[in-house]
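Close look at the chain arrangement
Residues per chain, in single letters:
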Amino acid sequence: MEERPIIVKRVKKVAGGHHGGSWKVAFADFATAMMAFFLVLWLTATASPEQIRNVQGYFKDPVGFTEGGSPHPVDLEGSASVVDSSSADVADTEIRLEDQRIEELADTLERRQMQELRQDLQDQIEQSQTLQEFKDQLLIDITDEGLRIQIVDRSQRPMFDSGRAQLKYYSQEILFELAKPLSAVTNKLSITGHTDATPFSGRPGYTNWELSADRANTARRALVAGGVGASQIARVVGLSDSVLFDEDDPTAPVNRRISIIVLNKKAQQDIQDKAGRTDPNAPLIDLTAPTEAEQQEARELLESGELLEPREEPDPQQLSW
């Protein structure tokens, strides 16, 4: 009979060593939970009733805050707070600008709009056959009041007949063409008439002041007929020869011109402020009210019947002030 080898198995036993290190992990979890618990107790003790209600509302409805909660339930004067999930990447900021800075930004934006309008007018001049023919009589620039368009007289090609306020036919066409882009803007317009330094002598009592004002008013009527709204006109002025274009040659044809200004907001406000009373509570001095002596004189004339007597008609050629 064959002999089999004897196999001996030896099992080495190792002591547990106080159950290993797993107890440390459990103790750390317990310590963290106790710290969180004491923090909750401390926050509850220091929070106001309103903050506690906000916290309750947040945990009842953390998405919509319909239970009276808030996206910032606890605010401990600079401590962290809950941020709305829709704007988690953008912090709530409040931008405060000084009034002066706001005015500067508004002026910059308006000046940019004036430059764009100037470019639009130049493009219109290049595209319009009527304006292209008379572009040497159109001067466009930007001033403190806004965008200024000047229509000047050239030699052998005046806007008006000599000493008259009636437009030449081509001058009327120029104003009709300019009315199209001007009617599209919301800004008010100022129209000014100018003459050269040659004195007007064709009519007694009628000077370059009256002539320049009449020509400005004629230009206003042409612009309104071309599409500009009547309410868009803010000012119509006649300046005679007080503001010459060519001061070296006061009688030059270029001094006879019509200026159209697309007013900026500041210039428009200045016109309104200067035209009306700045303080409605300030005492008003009415110089048109008759004095007691004038009222007494009027009563005497009425009682005497002198006012009812026919009077001689004035000469139409003479001015009646």
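Residues numbered from 1 in each chain as written. Predicted model: local features only at pLDDT ≥ 70, side-chain atom pairs only at ≥ 80, totals over all residues. Heavy atoms only, no water.

1. Digging into the overall build of the chain
Cut-off, in case you're wondering: Helix and strand assignments follow DSSP, with helices taken as H or I runs no shorter than four residues and strands as E runs no shorter than two, numbered in order from the N terminus. For the exposure calls, accessible area comes from a 1.4 Å probe over protein chains only, and a residue counts as buried if that area is under 20% of its type's maximum, exposed if over 50%, partly exposed in between. Note on definitions: a residue-residue contact is assigned when non-hydrogen atoms from the two residues lie within 4.5 Å.
Within the chain, the regular secondary structure consists of eight helices and five strands. Listing every helix and strand of the chain by position from the N terminus yields α-α-α-α-β-β-α-β-α-β-β-α-α. Every one of the 321 residues in the chain was classed for burial, and the buried ones make up 25%. Sequence-distant contacts in the chain: of pairs separated by 6 or more residues, those separated by 24 or more amount to 66%.

2. Focus on the packing of helix α5 (residues 169–182) against helix α6 (residues 208–225)
Under the convention used in this document: Fitted lines through C-alpha atoms serve as axes, helices being fitted only where they are in contact, and the angles separating the N-to-C directions of these axes extend from 0 to 180 degrees. Throughout, the term roughly parallel applies to angles under 35 degrees, roughly antiparallel to angles over 145, roughly perpendicular to angles from 65 to 115, and oblique to all others. Here a crossing is called left-handed whenever its near helix is offset anticlockwise from the far helix by less than a right angle, and right-handed whenever the offset is clockwise. Residues are grouped as follows: Ala, Val, Leu, Ile, Met, Phe, Trp, Tyr, Cys and Pro are nonpolar; Asp, Glu, Lys and Arg are charged; all remaining types, including Gly, are polar.
Look at α5 against α6: their axes get within 8 Å of each other, and the N-to-C directions meet at 60°. The angle between α5 and α6 places the two elements in the oblique class. Of the two elements, α5 crosses α6, and the hand of that crossing is right-handed. Side by side, α5 and α6 meet where Leu175, Phe176, Ala179 and Leu182 of the first sit next to Ala219, Ala222, Leu223 and Ala225 of the second. Taken together, the residues that form the contact of α5 with α6 break down as eight nonpolar, no polar and no charged.

3. Things to note about the sheet that holds strand β4 (residues 233–238)
Note the cut-off: A pair of strands counts as paired when DSSP detects no fewer than two bridges linking them.
A sheet is described by the order of its strands in space; here five strands give the open sequence β1-β2-β5-β3-β4, paired in mixed fashion. At either end of the open sheet lies a strand with only one pairing partner, and these are β1 (138–142) and β4. Averaged over all pairs of adjacent strands, the angle between their axes in this sheet comes to 15°, without regard to strand direction. Inspection of the sheet shows strand β3 (residues 189–194) paired to β4 by five bridges, in the parallel sense. Bridge pairing in β4 links Thr192 to Val237. The strands touched by α6 are β3, β4 and β5 (257–263); relative to β4, the strand with the most contacts, the crossing angle is about 150°. Contacting β4 and β5, helix α7 (residues 265–275) runs over the sheet at an angle of about 105° to β5.

4. Quick look at the packing of aromatic side chains
How two aromatic rings sit relative to each other is set out by the distance from centre to centre and by the angle between their planes. Our working rule: Centres within 6.5 Å are what make two rings of Phe, Tyr or Trp a pair, Trp counting through its six-membered ring; a difference in plane orientation under 30 degrees is then read as stacked, over 60 as edge-to-face, and the rest as tilted.
Per the counting criterion, the structure on display carries four aromatic pairs. Measuring from ring centre to ring centre gives 5.2 Å for Tyr169 and Tyr170, while their planes differ by 80°; the resulting arrangement is edge-to-face. Their ring planes at 65° and their centres at 5.2 Å tell us that Phe200 and Tyr206 sit as a pair that is edge-to-face. We classify Tyr206 as buried; its relative accessible area is 10%. Taken together, the ring pairs in this structure connect Phe134, Tyr169 and Tyr170 into an aromatic cluster.

5. Notes on the pattern of salt bridges
As a reminder of what qualifies: Within this document, salt bridges are pairs made up of a side-chain nitrogen of Lys or Arg and a carboxyl oxygen of Asp or Glu, the two lying within 4 Å of each other.
Under the definition given, this model contains seven salt bridges. A salt bridge links Asp153 to Arg256; its shortest N-O distance comes to 3.2 Å. Separated by 103 residues along the polypeptide, Asp153 in the loop between β2 (146–152) and α5 and Arg256 in the loop between β4 and β5 bring together distant segments of the chain. Looking at Asp153, the relative accessible area reads 3%, which means it is buried. Overall, the relative accessible area of 23% leaves Arg256 in the partly exposed class. Close ionic contact of Arg256 with Asp196 constitutes a salt bridge, the shortest N to O distance being 2.7 Å.

6. Description of α6
Quick note on the threshold: Multiplying 1.5 Å by the helix residue count minus one yields the expected span of that helix. Comment: arc refers to directions from the helix axis out to C-beta atoms.
Here α6 spans 26 Å end to end across 18 residues, near enough to the 26 Å set by a 1.5 Å rise per residue. Residues of α6 that are buried include every one of Asn208, Leu211, Ser212, Arg215, Ala216, Thr218, Ala219, Ala222 and Leu223, and no others. Projected down its long axis, α6 shows its buried positions confined to an angular sector of 155°, all on one face. Packing partners of the buried residues in α6 comprise α5, β3, β4 and β5.

7. Some remarks on the nonpolar core
What counts here: What we call a nonpolar core is a set of buried Ala, Val, Leu, Ile, Met, Phe, Trp, Tyr and Cys residues that are connected through their side-chain atoms within 4.5 Å.
Counting 32 residues, the largest nonpolar core has Ile151, Leu175, Leu178, Leu182, Leu223, Ile260 and Val262 as the members making the most contacts within it. Elements with a minimum of two residues in this core: α3 (99–127), β1, β2, α5, β3, α6 and β5. When residues in this core are grouped by element, the largest group, six residues, is from α5. Leave out the neighbours within four places in its chain, and Leu223 touches Leu175, Ala179, Leu182, Ile191, Val228 and Ile260.

8. Regarding a negative patch on the surface
As a reminder, the rule being used: Two joining distances apply to patches: 9 Å for like charges and 5 Å for nonpolar side chains (Val, Leu, Ile, Met, Phe, Trp, Tyr), and every residue must have over 30% relative accessible area and no salt bridge. What sets the accessible areas is the Shrake-Rupley method with a 1.4 Å probe; for residues, cover comes only from the shown protein chains. Charge counting follows a simple rule: Lys and Arg are positive, Asp and Glu are negative, and His as well as the terminal groups are ignored. A single reference atom marks each charge: NZ on Lys, CZ on Arg, CG on Asp, CD on Glu.
A cluster of acidic side chains, namely Glu116, Asp120, Asp123 and Glu126, defines a negative patch on the protein surface. Under the relative-accessibility criterion, Asp120 is labelled partly exposed at 45%.

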